Amino acid sequence: MLSIRNLTAEVNGKEVLRGINLEVKAGEVHAIMGPNGSGKSTLGKVIAGHPAYMVTGGEIRYEGKDLFELEADARARAGIFLGFQHPIEVPGVSNAQFLRLAYNKQAEANGREELDPLEFDDYIREKIAVVGMRPEFLDRSLNEGFSGGEKKRNEILQMAVLMPKLAILDELDSGLDVDALRIVGEAVNGMKSKDRAILLVTHYQRLLDHIPAERIHVLSGGRIVKTGGPELALEIEKNGYDWINAEVGA
Amino acid sequence: MTPDTGTASDCSLVPDLLPAQAEGWDSLRAAAREALARQELPTKRDEDWKYCDLAELRRAAFRPAAPASVDIRDRILPEARGTRLVFVNGRFDPHHSCTSALPQGLRLLPLHAASEAATRLGSLLKPAESDFFANLNTAAFADGAYVFVPKSVKAEAPLHLLFITVGEDGGGGEGIPSTQPRILVEVERNASAELIEEYAGSSPAFTNVAVEILVHEGAELRHERIQREAPEAIHISNLRAEVAKDGRYHSRTVSFGAKLSRQTPQVRLTGPGAEASLDGLALLNGDQVSDTHSVLDHTQPHGSSRQLHKCIVDDQAHAIFNGRIFVRHGAQQTDAQQQCRTLLLSDSARVDAKPQLEIDADDVKCAHGAAVGALDPEELFYLQSRGLNAAAARNLLTYGFASDLLAHIPVASLRRSLRQQVMARTNAADLVETP
């Protein structure tokens with residue numbers, strides 16, 4: 001589904017990704033781990049098409065197609081979803097309005113039927129139950145005044161509404177308490193499918209207790225320096241990142 | 001352009017607009033005329049008017065607008081069905097007005113029929129202290145509205161004052177039709193009301209408004225001010241309000257229309273514990289100029305004020321915000337917060353924002369700020385990452401920026417109609433359903 005080769009990218013003239021290679025197949029859950037500043041979030045933003053990140057080399061293929069030919073919005077309509085580490089507040093636009101708009105933009109692009117407000121209301125009620133959100137959050141402005149945890153739930157609600165093929169979830173666990181993490185984790189697990197790939201970007205192993213990943217990639221200095229199974233995350237939990245850096249001479 | 005050097009004597013405004021016969025306000029009018037004789041039409045050399053081009057007022061001939069017939073069905077607010085005064089081209093229109101649903105003792109009258117207003121009129125806009133336009137209004141107003149909410153009466157239905165300027169019957173003749181609406185509002189002790197003051201129009205006009213508001217002890221007035229005049233109109237508005245002990249005055253001014261609009265609201269908190277808010281939204285494009293010069297004056301302790309002024313400026317339009325907050329000696333424990341936020345949508349759009357705090361008390365909590373900018377790239381990316389193309393993301397953020405200020409308008413039909421107008425202006429009509 002996602003194939004990244006020798007990807008290099010910079011932001012504000014600073015090279016942040018220095019040759020990333022990564023293969024993610026449909027149905028898989030991968031985790032990108034790494035210390036702060038290693039380039040984890042950048043990788044997510046580059047895949048999603050953030051215009052401030054300039055790709056300087058390499059390629060990303062998504063479902064066999066060159067991803068760089070698509071703007072961020074076209075990538076989203078093609079099924080790529082980025083769950084933000086810090087979701088943006090948009091005053092004056094209600095959550096429900098925004099969710100329906102996003103849903104319909106994707107439906108329109110993919111030849112599915114658009115939903116009117118009443119139909120969407122039925123659709124969204126099911127979804128909010130899954131992420132444990134109260135219905136009044138639908139009438140509030142998008143993310144405005146939401147707590148950190150509420151924003152993260154809202155990201156997963158958006159994912160549940162849009163049902164992307166590739167979901168990149170950036171630091172999903174930050175801002176979530178244990179109970180909320182369990183609920184959100186179950187919601188994400190419930191969306192696992194053979195047609196969908198999930199890329200978790202996280203600093204801590206604890207997220208992987210709730211959403212198990214089969215492949216763990218450790219990012220350091222803009223490169224994937226180590227890849228392994230779930231045991232690698234446990235080792236990082238126990239010993240931190242320094243031993244890996246020492247091992248690879250980074 | 002003619003040189004900007006007018007005086008009252010060479011200005012065509014005054015003599016043409018004076019009412020033909022005297023009525024109840026003779027001495028007040030005489031005082032205003034006397035003051036006007038010493039005043040000049042402001043020029044760009046006046047610091048307070050440096051961004052307003054009034055050349056047209058000097059050049060063009062103005063005359064009172066002639067009568068017209070109008071269909072107001074689209075402008076009726078169902079919530080104010082029986083609490084509405086309508087003025088067409090400056091004249092009270094009894095046919096379209098309806099005051100069948102007023103609470104006991106509440107007075108909602110055309111000014112010409114409100115003899116009891118005589119003692120109050122001009123008490124806040126005193127001719128000796130007022131500017132050219134306020135005095136012009138005092139000298140020349142033909143009619144207006146008188147609102148009196150008696151002690152402890154809580155008016156449930158909003159009171160709607162609708163001023164419409166439309167093409168005159170029979171074409172009207174030479175010169176630009178002008179109106180001078182005058183409004184006097186008095187809310188007695190522990191009373192409360194919601195007032196909607198709306199200007200709408202479809203033809204070029206010069207509208208010069210003067211409003212005086214007295215909010216007595218423990219009373220509350222919520223005031224929505226809507227300016228959606230024709231694109232060629234000139235709209236000038238002076239407002240003075242006084243808020244007594246524990247009184248509350250909350251106003252929101254929404255300015256969409258007119259090529260030049262000028263708002264000068266001045267609110268004085270005259271008793272301890274009084275509170276006021278003075279919010280504004282100006283949505284400008286083309287060559288529109290919208291100028292707000294506001295004053296919030298804290299004279300007594302424990303008062304609070306809030307001001308959020310938002311401008312969305314596109315094309316070559318120009319927004320001006322000059323917001324002064326005074327905290328006088330002895331106005332301890334005042335809490336005053338002021339914010340001006342401007343969204344510039346084009347490279348040639350312009351804003352001059354000047355928030356000012358002048359504090360003579362030492363135990364106060366005051367903050368002010370001005371933010372000017374284009375749309376935030378991170379916000380745009382967030383929306384694009386959900387599948388909205390760049391134009392849709394921009395339009396939705398712009399809509400949200402404006403719509404946010406309308407969210408707390410308690411009259412649903414008005415809120416809806418303003419949001420629809422914002423949707424149309426921000427090209428967001430296909431992005432959000434009618435709220």
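Residues numbered from 1 in each chain as written. Chains lettered and ligands numbered in written order. Predicted model: local features only at pLDDT ≥ 70, side-chain atom pairs only at ≥ 80, totals over all residues.

K.L.:
Just checking my understanding: could you explain the overall build of chain A for this structure?
P.N.:
When helices and strands are tallied, chain A shows 10 helices and 12 strands. Taken over C-alpha atoms, the radius of gyration comes to 18 Å for chain A, in line with the 18 Å a tight globule of 250 residues would show. When its C-alpha atoms are laid out on the principal axes, chain A stretches across 60 × 40 × 35 Å. Counting only residues that meet the buried cut, chain A has 48% of its 250 residues in that class. (Helix = DSSP H or I, 4+ residues; strand = E, 2+ residues; numbered from the N terminus. Rg over C-alpha atoms; globule rule 2.2 N^0.38 Å. Buried ≥ 20, exposed ≤ 12 C-beta atoms within 10 Å, placed from the backbone.)

K.L.:
I keep staring at the packing of helix H2 (residues 26–37) of chain B against helix H4 (residues 132–140) of chain B and nothing clicks. Help me out?
P.N.:
The packing of two helices is summarised by the inter-axis angle and the distance between the axes. All names here are of chain B. Orientation of H2 relative to H4, taken along the N-to-C sense of each, is 140°, at an axis distance of 8 Å. Classified by the interaxial angle, the pair formed by H2 and H4 is oblique. Once H2 is placed against H4, the crossing between them reads as left-handed. On H4, the residues that touch Leu28, Arg29, Ala32, Arg33, Ala35 and Leu36 of H2 are Asn135, Leu136, Thr138 and Ala139. For the contact of H2 with H4, the per-class residue count stands at 6 nonpolar, 2 polar and 2 charged. (Axes fitted to C-alpha atoms, helices over the stretch in contact; angles between N-to-C directions. Parallel < 35°, antiparallel > 145°, perpendicular 65-115°, else oblique. Left-handed = near helix turned anticlockwise from the far one by under 90°. Contact = placed C-beta atoms within 7 Å. Nonpolar A, V, L, I, M, F, W, Y, C, P; charged D, E, K, R; others polar.)

K.L.:
Would you take a moment to explain the environment of Lys40 of chain A for this structure?
P.N.:
Residues and elements named next belong to chain A. Mapped onto the secondary structure, Lys40 falls in helix H1 (residues 40–48). On the basis of neighbour count, Lys40 is assigned to the buried category, with 24 C-beta atoms found within 10 Å. Linking Lys40 and Arg125, residues 85 residues apart in sequence, is a C-alpha distance of 33 Å. Residues within four places of Lys40 in sequence aside, it is in contact with Ile32, Gly34, Val201 and Leu219.

K.L.:
What am I meant to see in the domain arrangement of chain B here?
P.N.:
Interface size is commonly expressed as the accessible surface area that is lost when the partners come together. All names here are of chain B. Here chain B is partitioned into domain 1 (13–271) and domain 2 (375–435). Here domain 1 and domain 2 have C-alpha centroids that lie 31 Å from each other. Taken together, the elements giving at least two residues each to the side of domain 1 that touches domain 2 come down to strand E9 (192–201), strand E11 (220–228) and strand E13 (248–255). Its residues assigned to classes, the side of domain 1 that touches domain 2 shows 6 nonpolar, no polar and 5 charged. (Domains from an automatic or database assignment.)

K.L.:
Any chance you could explain the sheet that holds E11 of chain B here in plain terms?
P.N.:
The strands making up a sheet associate through backbone hydrogen bonding, with each pair oriented either parallel or antiparallel. Residues and elements named next belong to chain B. Spatially, E3-E2-E6-E9-E11-E13-E15-E17-E19-E21 is the arrangement adopted by the 10 strands of the open sheet, whose pairing is mixed. Across the chains shown, the open sheet's two edge strands, defined by having one partner strand only, are strand E3 (91–92) and strand E21 (365–373). Both strand E15 (residues 275–284) and strand E17 (residues 304–313) contribute to a ladder of 8 bridges, which runs parallel. What sits directly across from Leu284, in E17, is Val313. Contacting E15, E17 and strand E19 (335–344), helix H6 (residues 390–406) crosses the sheet at an angle of about 150° to E17. (Pairing = 2+ DSSP bridges.)

K.L.:
Explain the interface of chain B and chain A here, please?
P.N.:
At the junction of the two partners, chain B supplies 24 residues and chain A supplies 23 residues. Elements that contribute at least two residues to the side of chain B that touches chain A include exactly helix H5 (377–384) and H6 of chain B. Residue contributions to the side of chain B that touches chain A peak at 9 residues, all from H6 of chain B. Classifying every residue of the side of chain B that touches chain A gives 13 nonpolar, 6 polar and 5 charged.

K.L.:
Can you walk me through the sheet that holds strand E6 (residues 80–83) of chain A in this structure?
P.N.:
Residue and element names in this part refer to chain A. Strand order in the open sheet formed by 6 strands is E6-E9-E10-E3-E11-E12, and the pairing between neighbours is mixed. Of all the strands in the sheet, the pair left with one neighbour each is E6 and strand E12 (223–228). Averaged over neighbouring strand pairs, the angle between their axes works out to 20° when direction is ignored. The sheet strands contacting helix H6 (residues 148–162) are E6 and strand E9 (166–170), and the helix crosses E6 at an angle near 170°.

K.L.:
Would you take a moment to explain helix H4 (residues 117–131) of chain A for this structure?
P.N.:
The periodicity of an α-helix, 3.6 residues per turn, causes residues three or four positions apart to be oriented the same way. Residues and elements named next belong to chain A. Between the first and last C-alpha of H4 there are 21 Å, a value that for 15 residues agrees with the 21 Å anticipated at 1.5 Å per step. Considered for burial, the residues of H4 that qualify are Phe120, Ile124, Ile128 and Val131. The inward-facing, buried residues of H4 abut helix H3 (95–109), helix H5 (136–139), H6 and helix H7 (178–190). Within two residues after H4, Gly132 carries a phi angle of roughly 70°, on the positive side. (Expected span 1.5 Å × (residues − 1).)

K.L.:
Before we go on, may I ask you to explain unusual backbone geometry in this structure?
P.N.:
For residues other than glycine, phi is negative in most cases, and the peptide bonds are mostly trans. A positive phi angle, near 50°, is found at Asn6 of chain A, a position not held by glycine. Considering the arrangement of structural elements, one finds Asn6 of chain A in strand E1 (residues 2–11). Asn6 of chain A gets classed as exposed once you count the C-beta atoms within 10 Å, which come to 12. Even without glycine at this site, Asn427 of chain B takes up a positive phi of about 55°. Summarising the element assignment, Asn427 of chain B is placed in the segment after helix H7 (412–425). Using a count of 15 C-beta atoms within 10 Å as the deciding quantity, one classes Asn427 of chain B as partly exposed.

K.L.:
Just checking my understanding: could you explain the environment of Ile213 of chain B for this structure?
P.N.:
Relative to the helices and strands, Ile213 of chain B is located in strand E10 (residues 206–215). In this structure Ile213 of chain B touches Val185, Leu221, Ala241 and Tyr249 of chain B, once residues within four positions along its chain are discounted.

K.L.:
What should I look at first to understand the pairing of strand E12 (residues 234–243) of chain B in this one?
P.N.:
When a strand is regular, its side chains alternate between the sheet's two faces. Residues and elements named next belong to chain B. Of all 10 residues in E12, 10 are buried, a share of seventy percent or more. Along E12, one buried face is formed by Ile234, Ile236, Asn238, Arg240 and Glu242 and the opposite face, lined by His235, Ser237, Leu239, Ala241 and Val243, is buried too. The pairing of E10 with E12 spans 10 bridges and is classified as parallel. Looking across to E12, one finds that Glu212 is bridged to Arg240. Where E12 meets strand E14 (residues 260–269), 10 bridges bridge the pair, whose relative direction is parallel. In the strand pairing of E14, Glu242 is matched with Arg268.

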